[in-house]
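Residues per chain, in single letters:
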Amino acid sequence: MTTIHHRYAGMCALVALLGLAACASEKTPAVADVAVSRQAVANATSAGAADLAPAEMQSAREKLMRANQALAAKDYRTAQDLANQASADAQLAQSKAGSTKATMAADELQQSIRALREELNRTNATSQQ
Amino acid sequence: MKTRSLKTLRLVPAALALAVMAACSTTPTTTSLLDQTRADFLAAQSTPSVAANAPLEFKAASDALDSANAAAARKESLSEIDKLAYIAKQKIATAQEVAKQKQAESEVANAGRQRDEIRLEQRTAEANQAKSQANQAKADADAARAQADAAANSARSEAARNAALQQELADLQAKQTDRGIVITLNDVLFNVDRAELSAEGMRTVQKMADVLLQEPQSAVLIEGFTDSTGSADHNLQLSQRRAESVRNALIGLGVKSDKIATRGYGEAFPVASNADAGSRQLNRRVEIVLSQNGAPIANRH
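Residues numbered from 1 in each chain as written. Chains lettered and ligands numbered in written order. Predicted model: local features only at pLDDT ≥ 70, side-chain atom pairs only at ≥ 80, totals over all residues.

Undergrad: Residue-level account of the overall build of chain A, with values.
TA: Within chain A, the secondary structure is distributed over four helices and zero strands. Starting at the N terminus, the α and β elements of chain A follow one another as α-α-α-α. Across the 129 residues in chain A, those meeting the buried criterion constitute 32%. By sequence separation, contacts in chain A at least 24 residues apart represent 76% of the contacts at least 6 residues apart. (Helix = DSSP H or I, 4+ residues; strand = E, 2+ residues; numbered from the N terminus. Buried ≥ 20, exposed ≤ 12 C-beta atoms within 10 Å, placed from the backbone. Contact = placed C-beta atoms within 7 Å.)

Structure (structure tokens):
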């Protein structure tokens, strides 16, 4: 009887340990992913994405916040999913900001080239007179 | 009987499995988000600049879509498929944006080069303009100098001509008067009581003609005078003939006839008393009045 009881207790302990191990194996990547997404949001912010890609930026911030809440509630699956989505949103926001800035620079340069070319044409026109 | 029922029991799960497989093959699991993501991926794939300019991002997007497709193939829950599809969709968009950025950056680099070229062209054009302006200025200066030289030359030749003219007039004993330059041909140049010029008279008239030919704008008035000996009528005619004789001589030497006017005054306007032979000789004379620059000659009165 005692042997059977001991055997049951041992099995319970094993199950509990496995459960804890499962919990621990879910917690580490979730924490890492949330950290990654926090960094992604910070990078996008410093790239000016708040102004240049406000919708993606808003989405990334909101998901990061919810990921943090899930982490606090030990809902690691949700935390990880939200963190991954927040990262994707932040990266998109950052790349949008980058492409917008580069496009504006290119447009500005084209504008100045047009002005220079007009000036050149004027110079040539006057020197031919 | 027993074997038969066992056989039937064995067949039922197989049929069920077949039915499930059939259902699986006719309705593959997908979501509208996954469909949308696949379309986005195809669009990115057919944009050459995405693979060229954002290879890493495109690979990441491709891997993310593979994960979503695998989840759909494994018939995972729709929310699980959507989660993966969402990530893939965002990554595809990111690849597009990165490609766009790289393209704009290469445009910037290109435009920078273009701008430098135009600036160089501009400087070249300005330099050419400055050079052509300098050349023009030099040409202008050269022309001005040439003009000044020509003016100086013509002034010199004018001065030389004037000097020669003055010399000739001096040789003719010309006198500057209110009416113009007056040259007196005295009696010695005519034979006595005749209108024809002596050889000496012809030489003097020749000099006169030289002056008139050099001064095309000049005109002359030839005035004849006599002494008081003889009748007034005869003297008037003689003075007239002598003036005409000088005129004809000048015309014979090439002076235009319309520039020569003649007048006979007879014994009027004596320059000496007529009391002795010397004085009378002074009165027998022809005076040539030379107007310069076409000014009219005032009449004697």
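Undergrad: Quick one: what's the story with the overall build of chain B, residue by residue and with numbers?
TA: Counting secondary structure elements, chain B contains eight helices and five strands. In sequence order, chain B lays out its α and β elements as α-α-α-α-α-β-β-α-β-α-β-α-β. For chain B, buried positions account for 29% of its 301 residues. Considering only contacts in chain B between residues 6 or more positions apart, those separated by 24 or more positions represent 72%.

Undergrad: Account for the pairing of strand β4 (residues 260-264) of chain B, naming residues and giving values.
TA: Here is the key point about a regular strand: its side chains alternate between the two faces of the sheet. Only one face of β4 of chain B is buried: it carries Ile-260, Thr-262 and Gly-264 of chain B, and the other face, with Ala-261 and Arg-263 of chain B, is open. For the handedness criterion, the β-α-β arrangement of strand β3 (residues 219-225) of chain B, helix α7 (residues 232-252) of chain B and β4 of chain B is classed as right-handed. (Right-handed = clockwise from strand over helix to strand, strands pointing away.)

Undergrad: Pulling in residues and values, what's your account of helix α3 (residues 54-72) of chain A?
TA: Residue and element names in this part refer to chain A. Between its terminal C-alpha atoms α3 stretches 27 Å, which fits the 27 Å expected from 19 residues at 1.5 Å a residue. Within the span of α3, buried status applies to Glu-56, Met-57, Ala-60, Lys-63, Leu-64, Ala-67, Ala-70 and Leu-71. The buried residues of α3 all sit within an arc of 150 degrees when viewed along its axis, so they share a single face. Set apart from the buried face of α3 by more than 90 degrees, the exposed residues are Pro-54, Ala-55 and Ala-72. In the segment just after α3, Lys-74 is the residue with positive phi, at about 60 degrees. (Expected span 1.5 Å × (residues − 1). Arc of directions from axis to C-beta.)

Undergrad: Give a detailed account of the packing of helix α2 (residues 32-45) of chain B against helix α5 (residues 78-171) of chain B, specifying residues and quantitative values.
TA: All names here are of chain B. Two elements in contact, α2 and α5, have axes separated by 9 Å at closest approach and are oriented at 25 degrees. Accordingly, the angle class assigned to the pair α2 and α5 is roughly parallel. Considering the relative orientation of α2 and α5, their crossing is left-handed. Only Ile-81, Asp-82, Ala-85, Tyr-86, Ala-88, Lys-89, Ile-92, Ala-95 and Gln-96 of α5 make contact with α2, whose side of the interface consists of Leu-33, Leu-34, Gln-36, Thr-37, Asp-40, Phe-41 and Ala-44. Its residues assigned to classes, the contact of α2 with α5 comprises ten nonpolar, three polar and three charged. (Axes fitted to C-alpha atoms, helices over the stretch in contact; angles between N-to-C directions. Parallel < 35°, antiparallel > 145°, perpendicular 65-115°, else oblique. Left-handed = near helix turned anticlockwise from the far one by under 90°. Nonpolar A, V, L, I, M, F, W, Y, C, P; charged D, E, K, R; others polar.)

Undergrad: Account for α2 of chain B, naming residues and giving values.
TA: All names here are of chain B. Over its 14 residues, α2 runs 20 Å from end to end, which matches the ideal 20 Å to within 8%, given 1.5 Å per residue. Within the sequence span of α2, burial applies to Leu-34, Thr-37, Asp-40, Phe-41 and Ala-44. End-on, the buried residues of α2 take up no more than an arc of 115 degrees, which puts them together on one face. Set apart from the buried face of α2 by more than 90 degrees, the exposed residues are Ser-32, Asp-35, Gln-36, Ala-39, Leu-42 and Ala-43. In this structure, the buried side of α2 is in contact with α3 (48-53), α4 (55-73) and α5.

Undergrad: Would you mind going over the confidence of the model for chain B in detail, with residue names and values included?
TA: Residue and element names in this part refer to chain B. Overall, the prediction assigns chain B a mean pLDDT of 84, with 88% of residues at 70 or greater. Here residues 19-26 is modelled with pLDDT under 50, and outside its nearest four sequence neighbours on either side it reaches zero contacts, counting other chains as well. In the predicted assembly, ipTM is 0.77 and pTM is 0.53. (pLDDT = per-residue confidence, 0-100.)

Undergrad: Which residues make up the pairing of strand β5 (residues 285-291) of chain B, and what are the values?
TA: Residue and element names in this part refer to chain B. Judged by how many residues are buried, β5 sits mostly within the fold: six of seven residues are covered. Two elements, β3 and β5, share seven bridges in a ladder whose sense is antiparallel. Looking across to β5, one finds that Phe-225 is bridged to Arg-285. (Pairing = 2+ DSSP bridges.)

Undergrad: Would you mind going over the sheet that holds β4 of chain B in detail, with residue names and values included?
TA: Residue and element names in this part refer to chain B. Here five strands make up an open sheet; going across it, the order is β1-β2-β5-β3-β4 and the pairing mixed. Two strands in the sheet have a free side with no partner beyond their single neighbour: β1 (175-177) and β4. Strand-to-strand, the axes of this sheet are offset by a mean angle of 25 degrees, without reference to chain direction. Pairing geometry for β3 and β4, over five bridges, is parallel. Paired with Gly-224 across the two strands is Gly-264, which belongs to β4. Docked against the sheet, α7 engages β2 (180-186), β3, β4 and β5, running at close to 165 degrees with respect to β4.

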